[in-house]
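Here's the letter readout for the chains.
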Amino acid sequence: MKKTSRVITVIVFIFLYVPIFILALASFNTGADMAVFKGFTFNRYAELFKDAALLELLRNSAIIAVLSTIVATILGTCAAMGITKLGKKMRSAIMTVTNIPMTNPDIVTGVSLALMFAFAGTMLRLNSILGIWTLLIAHVTFNLPYVILNVLPRLHQMDPNLTDAALDLGCTPVQAFFKVTIHEIMPGIIAGALMSFTMSLDDFVISYFVTGAGFVTLPVEIYNYTKKPIHPKVFALFTLMFIIILILMIVMNIIQSKTDRSKGKRFSKAGGVL
Amino acid sequence: MANELIRLENLVMEFGGNRVLDSINLSIKDKTFMTLLGPSGCGKTTTLRIIGGFQVPTSGQIFFDGVSINEVPAYKRQINTVFQNYALFPHLDVYDNIAFGLRISGLSEKEIDSRVGHMLESVSLKGFENRKVPSLSGGQQQRVAIARALVNHPKVLLLDEPLGALDLRLRQDMQNELKRIQQEVGITFVYVTHDQEEALAMSDTIVVMDSGKIQQIGTPEGIYNEPANAFVADFIGESNILDGIMPADYRVRFFGQEFKCVDHGFEPNELVDVVIRPEDIDIVAPEQGNLCGTVTSLTFKGVHYDTIVDFKGFKWLIQTTEFHPVGSYIGIQLDPDNIHVMKKSEYSGLYGDYSSYSEEYEELDEMPEEE
Ligand SMILES: Nc1ncnc2c1ncn2[C@@H]1O[C@H](COP(=O)(O)OP(=O)(O)OP(=O)(O)O)[C@@H](O)[C@H]1O
Ligand SMILES: [Mg+2]
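Calculation notes
Residues numbered from 1 in each chain as written. Chains lettered and ligands numbered in written order. Predicted model: local features only at pLDDT ≥ 70, side-chain atom pairs only at ≥ 80, totals over all residues. Heavy atoms only, no water. Pairing = 2+ DSSP bridges. Helix = DSSP H or I, 4+ residues; strand = E, 2+ residues; numbered from the N terminus. Axes fitted to C-alpha atoms, helices over the stretch in contact; angles between N-to-C directions. Buried < 20%, exposed > 50% of the residue type's maximum accessible area, 1.4 Å probe, protein only. Domains from an automatic or database assignment. Contact = heavy atoms within 4.5 Å. Buried area = accessible area lost by both parts, 1.4 Å probe. Salt bridge = Lys/Arg side-chain N within 4 Å of Asp/Glu carboxyl O. Phe/Tyr/Trp six-rings, centres within 6.5 Å; stacked < 30°, edge-to-face > 60°. Lys NZ or Arg CZ within 6 Å of the ring centre and 35° of its normal.

Participant: Can you help me understand the sheet that holds strand β16 (residues 291–300) of chain B in this one?
Facilitator: Whenever strands of a sheet pair, they do so through backbone hydrogen bonds, lying parallel or antiparallel. Residues and elements named next belong to chain B. Judged by pairing direction, the sheet is antiparallel, and its five strands sit side by side in the order β15-β19-β16-β17-β18 without closing on themselves. The outermost strands of the open sheet, each flanked by one partner alone, are β15 (282–284) and β18 (314–320). Ignoring strand direction, the axes of neighbouring strands in this sheet form an average angle of 45 degrees. Relative to strand β19 (residues 329–333), β16 is paired through four bridges, and the arrangement is antiparallel. From the neighbouring strand, leucine 291 faces β19, where its bridge partner is isoleucine 332.

What follows is the structure, given as C-alpha cells:
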C-alpha cells in the first residue's frame, strides 16, 4: 500500500517536472534543434539579456504583476475586513460572488471585460482605451479573490479580543488595524500577494483580450512566437521565470509553516494552563 | 467617602431578540472593588463590555462621572480592561505590550520607560521585558495583562475572570495581589467572576446576577447573611431552604413549629422561604432539640463534617466539627439569629434541598464551564 502510493507520487512528479526539466535543458543547448543535446552553453541567457524587445515585454509583465498585486492586496484586505463584519447570510452571499471569477473560465472573464472596456470607451468617446490601465483593472479583478480567500481565514482565527484590547488602550479603529490586526493577518496577506503576483505574471487568456497594441505582456507576445519556430533564448526566459516562481512558492511555504508553528506553540501553552 | 463614578440605568441588551441583560440598574462608587458574580451565561461579560465601550446596549444609559457616555467610543473612555483570555499582543514582547497604551497617547520614551519599569516591578516581572508573550506561563501573562492596563492610570479597571485559567494556589496568591494593587493605586475595580469564594474574599460590593437580572447588591457579609432570594442563598455558600409562613413579625412557622426570628415587615401569614446556613446549626441531644432527625450521610471535609440529617423526610445539610455517625438520632437547636426569612420568588422551591445530596456535589460545582 505504502509502496504503491510512493510509486504513484514519483510518477506524478515525473509528469509534472520532466517537461520543465527538458525546457531547462534546451535552454543550455548549443544546437538549435530541441531534439538533440549538442553541448552546454550560457549563450542563450546572454542573448536573452541583449534582446531589448524581449526585456521590455518582461518589464511590462513585471510592472503589471507588481501594480496589480499591490492594488489587489490592499483592496482584498479591506474587503476581507468588511466581510468579517457582515452577518452570516450576507457573508456567504458575498463569498459566492467573490468565488465566481476564480471558477469562471478565463476566456469568459476576458471577453466580458473586453466588452465592458469597449462599452466604456464608446461612452467616453475614446478611440481605444485598451492598454496598461485596462490590463491593470483586469488583473486586479482576477487577483482579488485570491487575496480575500487568503486573508479571511486569518481574520477568523484571530482572537477578536485583540482588536478590543487595542481600542481599550486608546487606538482608533484605524490605528488598531495597523498596530495589531495587520500583524495577525500578515501571513495571509503575504500568501495572497504572492499568489496574485504569480497569477498575474503568467496570465495569457484574459490579458489577450484587454490589452492594446501599446502595452503587451510577455505571455501574450510569446503566444505570437509559437506561430513561428521558437528561438532558444525564449527557453532561457521560461527557465528563469520558472525559477522565480519556484522561489516565491518556497518562500510562501516557509512563511506559512513558520507562523503555523508559532501558532501551535501558543495553543499548546494555553491548553497546558487550562 | 466615595462618590458615584459609573451608573448604569435601565440597561437592556438583546442579541437577535434574545434578551441577555434585562434592565440593569447599578451604581459603582469611586475607588471601590465591585464584583459581578453569577453563573455562566448570566450576562457578566456583556455588562463589562458595555461599560468598556465594546458593545452598544439595545437601550439604557451609561453615566461616567455624571455624564452619559453612550456615544463615547472605547478608545476615548478612561477605562481599561483585563480580558478574559488576556488578549496580549503576540507580536510584541512584554515591554512593548505594557508600553502599548502609553505610546498611543504619545508620551516620551523616557517617561514610558520609567512608567513601564515601575509597573514591571509592581507585578514582579522585572527581567521579563524582552520575553515573547507566548513563552510566558498563565500567571505571568495574567500579570502582563494587568500591568498593560494599569500603566495607563485608568480611573476604572475592568477585569473579566482574570484568574479563571490559573490553578488554585496561584489563584489565591493573585487574589491577594489584586486586592493589594487595587488599594495601592486607589482606583475602581469592576471584577467579573463566577467563583463565589473569590467574590466574598475580594469585594467591597458584590452584585449577584442571574439570567440577565441583578438579584442582589450588597457587601459580602450582607449577601451571605441576608440573601434576597433562594437563588442568592444557594449560589453564595450552602443553604437549607424551607417553605415557611410568617404569622407575625419576629415569628416564623415551619415544620409545624413556630420559631423566633429577627425578620419583620412581612404581611401577616405571608408565605416565605426560610434559609438556615449549614454551619449555623447546633447539634444537641434529641430531648433538647427544636427538631429531631436521623443522620443519613456523613462526609469528612477537613475542617468539618458534612452531615446530612433527615427531618421528617426533608434532608438538611449540617456542617459541624462533631462526629455523628450515620444512623444516630440527634436534635438541633436554632437561634433566632440563625434563621433568615426571605420573600417568595421565582426561585422558590428550586434550591436548598439536600435530598439528592451525594458526595460529588462539590466536584459538580467546580466543573469548568469554559470551553
Ligand atoms: N455577540 C453575541 N451574540 C449573541 N449572543 C451573545 C453575544 N455575546 C453574548 N451572547 C449571549 O449572551 C449571554 C450572556 O453572555 P455573557 O458572555 O455576558 O455571559 P457571562 O456571564 O460572561 O458568562 P461566562 O461566565 O461563561 O463568561 C449568553 O447566553 C451568550 O450566549
Ligand atoms: Mg464571561
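Participant: How do you make sense of the pairing of strand β12 (residues 251–254) of chain B when you look at a structure like this?
Facilitator: As a general feature of sheets, a regular strand has side chains that alternate between the two faces. Residues and elements named next belong to chain B. Along β12, the buried face is formed by Val252 and Phe254; none of Arg251 and Arg253, which line the opposite face, is buried. Bridging between strand β11 (residues 240–248) and β12 involves two bridges; their strand directions are antiparallel. By the bridge assignment, alanine 248 is partnered in β12 with arginine 251. Across four bridges, the pairing between β12 and strand β13 (residues 257–260) is antiparallel. Residue pairing across strands places arginine 251 opposite lysine 260, the latter belonging to β13. Where β12 hands over to β13, the hairpin turn is made up of two residues, of which phenylalanine 255 adopts a positive phi near 55 degrees.

Participant: Could you clarify how one ought to interpret the environment of Phe42(A) in this entry?
Facilitator: Residue and element names in this part refer to chain A. For phenylalanine 42, the location among the structural elements is in the loop between α1 (2–27) and α2 (43–50). Assessed through its relative accessible area of 55%, phenylalanine 42 is described here as exposed. Sequence spacing of phenylalanine 42 and histidine 139 is 97 residues, and the spatial spacing of their C-alpha atoms is 34 Å.

Participant: I keep staring at the domain arrangement of chain A and nothing clicks. Help me out?
Facilitator: Accessible area lost when the parts come together is the quantity often used to give the size of an interface. All names here are of chain A. By the assigned domains, chain A splits into domain 1 (1–41) and domain 2 (52–261). The straight-line distance from the C-alpha centre of domain 1 to that of domain 2 is 30 Å. At the junction of the two partners, domain 1 supplies seven residues and domain 2 supplies five residues. Carbon and sulfur atoms supply 85% of the area that domain 1 and domain 2 bury against each other, a total of about 610 Å² over both sides. Seen at the junction of domain 1 and domain 2, the total is zero salt bridges.

Participant: I tried to follow the pairing of strand β14 (residues 270–276) of chain B on my own but got confused; where do I start?
Facilitator: All names here are of chain B. Extensive coverage of β14 is indicated by the burial of six of its seven residues. With seven bridges joining them, β11 and β14 adopt antiparallel strand pairing. Paired with isoleucine 241 across the strands is valine 275, a residue of β14. Pairing geometry for β14 and strand β20 (residues 340–343), over four bridges, is antiparallel. Directly across from valine 274, in β20, lies its bridge partner valine 341.

Participant: Looking at this structure, I do not really get unusual backbone geometry. What am I missing?
Facilitator: For residues that are not glycine, phi is negative in most cases, and the peptide bond is trans in most cases. Residue and element names in this part refer to chain B. Despite not being glycine, tyrosine 86 shows a phi value in the positive range, around 75 degrees. Locating tyrosine 86 in the fold gives a position in the loop between β6 (79–82) and α2 (94–104). Here the phi dihedral of histidine 153 falls at roughly 50 degrees; this positive angle occurs in a residue that is not glycine. The topology assignment puts histidine 153 in the loop between α4 (138–150) and β7 (156–160).

Participant: What should I look at first to understand helix α1 (residues 44–52) of chain B in this one?
Facilitator: Each α-helix winds once per 3.6 residues, and so residues spaced three or four apart point in a common direction. Residue and element names in this part refer to chain B. By the criterion of burial, α1 is predominantly enclosed, with seven of the nine residues buried. Listed in full, the buried residues belonging to α1 are Lys44, Thr46, Thr47, Leu48, Ile50, Ile51 and Gly52. Backbone geometry just after α1 places glycine 53 at a positive phi near 95 degrees.

Participant: What's the story with the packing of aromatic side chains in this structure? I'm lost.
Facilitator: The description of an aromatic ring pair rests on the distance of the ring centres and on the angle between the ring planes. Residue and element names in this part refer to chain B. A full pass over the atoms with the stated rule returns 25 aromatic pairs over all chains. Pairwise contacts between aromatic rings join Phe254, Phe255, Phe259, Phe311, Phe314 and Trp316 into one cluster. Above the ring of phenylalanine 89, the side-chain terminus of arginine 148 is found at 4.7 Å from the ring centroid. Positioned above the aromatic ring of tyrosine 224, the side-chain terminus of arginine 277 is 4.0 Å from the ring centre.

Participant: What exactly am I supposed to notice about the pattern of salt bridges here?
Facilitator: Pairing is possible between side chains of opposite charge, provided their charged atoms come close. Residue and element names in this part refer to chain B. In total, this model carries 24 salt bridges over all chains according to the counting rule given. For aspartate 204, the salt bridge is made with lysine 179, and the minimal N-O distance between the two is 3.6 Å. Taken together, the residues aspartate 204 in the loop between α6 (196–202) and β9 (205–210) and lysine 179 in helix α5 (residues 168–185) connect sequence positions 25 residues apart. On the basis of relative accessibility, which here comes to 32%, the residue aspartate 204 falls in the partly exposed class.

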